[in-house]
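Okay, here's what each chain looks like letter by letter:
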Amino acid sequence: GCDGLNVLGTTGEATSFTAEQRMGLMSAIAEAGLPLDRLMVGTGAAAVGDATRITGHAAELGFAGALVLPPFYYKGVSGDGVLSYLDAVIRAAPKIPIYLYNFPALSGVPYDLELIRRIVDRFGDRVVGLKDSSGDLPYARSAAEVASGFRVFPSTEASLLEARTGVFAGCISATANLNADLCARAFHDGDEGALKAAVAIRGLFDGLPLVPGIKALLARIHGDARLAEVMPPLTPFPADTAAAVIAKYEALRQRARDLQPA
């Protein structure tokens, strides 16, 4: 049900992989013949040299967009500092649309509204949108108004009916790994029941480690224990917690199937 995918994002544990590993995966995706025109790829890194290499590789391969975290080790960096970082990334990859990745809870460096305005003023249509993982929908709405055609993707399925009005371009959510069909019904058909089920699936992870939890469920769904593996410093989802979440997930999926029109 997905219209596109973001690969090597937070759920893909991109920041736990070396630049070579990330570029290797990107090359493997391209060599596999997957539709790069429907794939955005995470290319941000703490070191500007890594970010430029990874983003340049994405551009050469033909990915549809690069999702760029701000430089995330030093906190309290100035807007000028972020602009200089983006300038290096954009000059290294002139052919690929750039999306900003706002995730201040993890990066510690927000793309605040004034900074977004400065970025758009400076780089024009090279920076085409933003993925917002702050959970702040008023902020996301304001970001979408920064420039005509600036595409904003909140990280919550709850925004999908609002996205149908054109306020947002859609959503990019970690839990879409588990509920993409429901998200598609909500976004394309305005199915409120599907939206409710999708949001409920996301809610299964409230207060729990999200990335290991999603991977534990994917391992169960696909019958492949390797999908539950995570890279340090993350640790696997506890087995007893996984069993409880899986049971709730399967009940929600059955309820959604019962409600689906014949």
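Placed above this text is the structure.
Being a predicted model, the structure only gives us computed values, none of them experimental.

### Some details on the packing of aromatic side chains
Under the counting rule described, the total for this entry stands at 3 aromatic pairs. Considering the side-chain rings of Tyr101 and Phe103, the 5.9 Å spacing of their centres and the 35 degrees angle between planes classify their relative orientation as tilted. Neither residue differs from the other here; Tyr101 and Phe103 are each classed as buried.

### Here's the deal with the pairing of strand β3 (residues 65-68)
Both faces of β3 are covered, namely the face carrying Gly65 and Leu67 and the face carrying Ala66 and Val68. Taken together, the 3 bridges between strand β2 (residues 39-42) and β3 define a ladder with parallel strand orientation. Paired with Gly42 across the two strands is Leu67, which belongs to β3. By the bridge criterion, 3 bridges tie β3 to strand β4 (residues 98-102) in an arrangement that is parallel.

### Observations concerning the sheet that holds β2
As summarised here, the arrangement of the 6 strands in space is β1-β2-β3-β4-β5-β6, forming an open sheet in which the pairing is parallel. Looking at strand neighbours, the two that pair on one side only are β1 (5-7) and β6 (151-154), the edges of this open sheet. Across the sheet, the mean angle from the axis of one strand to that of its neighbour is 25 degrees, orientation sign disregarded. Running over the sheet, helix α6 (residues 137-144) touches β4, β5 (127-132) and β6 and is turned about 165 degrees from β6.

### Digging into unusual backbone geometry
Omega for the peptide link from Pro232 to Pro233 comes to 15 degrees, which places this bond in the cis form. The topology assignment puts Pro233 in the loop between α10 (210-222) and α11 (239-259). Positive phi, normally seen in glycine, also occurs at Leu8, with a value near 60 degrees. Assignment of secondary structure puts Leu8 in the loop between β1 and α1 (19-31). Look at Leu8 and you get buried, because its relative accessible area is 7%. At Glu13, a position not held by glycine, the phi torsion is positive, near 60 degrees. Exposure remark for Glu13: the relative accessible area of 4% places this residue in the buried category.

### Details of the packing of helix α2 (residues 48-61) against helix α3 (residues 79-92)
Two elements in contact, α2 and α3, have axes whose closest approach is 8 Å; the angle formed by their N-to-C orientations is 30 degrees. It follows from the interaxial angle that α2 and α3 lie roughly parallel. As α2 runs across α3, the sense of the crossing is right-handed. Here α2 contributes Val48, Ala51, Thr52, Thr55 and Gly56 to the contact with α3, which in turn contributes Tyr85, Ala88, Val89 and Ala92. Of the residues belonging to the contact of α2 with α3, the class tally is 6 nonpolar, 3 polar and no charged.

### Regarding the environment of Leu137
Within the secondary structure, Leu137 is located in helix α6. Residue class for Leu137 comes out buried when judged on its relative accessible area of 19%. Sequence separation between Leu137 and Leu5 is 132 residues; the distance between their C-alpha atoms is 21 Å. Residue contacts for Leu137: discarding those within four places in its chain leaves Pro154, Thr156, Ser159 and Phe168.

### Observations regarding a nonpolar patch on the surface
Side chains of Tyr73, Tyr74 and Val77 sit close together on the surface and give an oily, nonpolar patch of about 370 Å² of accessible area. Locating Tyr73 in the fold gives a position in the loop between β3 and α3.

### What to know about helix α8 (residues 176-189)
Each α-helix winds once per 3.6 residues, and so residues spaced three or four apart point in a common direction. Helix length check: α8 (14 residues) gives 17 Å between terminal C-alpha atoms against 20 Å at 1.5 Å per residue, more than 12% under. Where α8 bends most, at Leu182, the angle is about 45 degrees. For α8, the buried fraction is high: 10 of the 14 residues fall into the buried class. Those residues of α8 that fall on the buried side of the exposure criterion are Ala176, Leu178, Asn179, Ala180, Leu182, Cys183, Ala184, Arg185, Ala186 and Phe187. Positive backbone phi, approximately 70 degrees, marks Gly190, located one or two places after α8.

### Some words on the pattern of salt bridges
Scanning the entire structure with this criterion turns up 13 salt bridges. Across the salt bridge formed by Arg202 and Glu157, the nearest N and O atoms sit 3.6 Å from each other. Of this pair, Arg202 sits in helix α9 (residues 192-203) while Glu157 sits in the loop between β6 and α7 (160-163), placing them 45 residues apart in sequence. When its relative accessible area of 24% is taken as the criterion, Arg202 is described as partly exposed.

### Considerations on the side chain of Ser107
Relative to the helices and strands, Ser107 resides in helix α4 (residues 104-107). In terms of polar contacts, Ser107 uses its side chain to reach the backbone amide nitrogen of Val109, at 3.1 Å. For Ser107, the residues in contact, after removing those within four places along its chain, are Leu69, Pro70, Phe72 and Lys75.

Thresholds applied
- Residues numbered from 1 in each chain as written.
- Predicted model: local features only at pLDDT ≥ 70, side-chain atom pairs only at ≥ 80, totals over all residues.
- Heavy atoms only, no water.
- Phe/Tyr/Trp six-rings, centres within 6.5 Å; stacked < 30°, edge-to-face > 60°.
- Buried < 20%, exposed > 50% of the residue type's maximum accessible area, 1.4 Å probe, protein only.
- Helix = DSSP H or I, 4+ residues; strand = E, 2+ residues; numbered from the N terminus.
- Pairing = 2+ DSSP bridges.
- Axes fitted to C-alpha atoms, helices over the stretch in contact; angles between N-to-C directions.
- Contact = heavy atoms within 4.5 Å.
- Parallel < 35°, antiparallel > 145°, perpendicular 65-115°, else oblique.
- Left-handed = near helix turned anticlockwise from the far one by under 90°.
- Nonpolar A, V, L, I, M, F, W, Y, C, P; charged D, E, K, R; others polar.
- Patch = residues over 30% accessible without salt bridge, like charges linked within 9 Å, V, L, I, M, F, W, Y side chains within 5 Å.
- Areas by Shrake-Rupley, 256 points an atom, 1.4 Å probe, with all protein chains shown as cover.
- Salt bridge = Lys/Arg side-chain N within 4 Å of Asp/Glu carboxyl O.
- Expected span 1.5 Å × (residues − 1).
- Bend = angle between axes of the 7 residues up to and from the residue.
- Polar contact = N/O pair within 3.5 Å; in protein donor to acceptor, adjacent residues only side chain to side chain.

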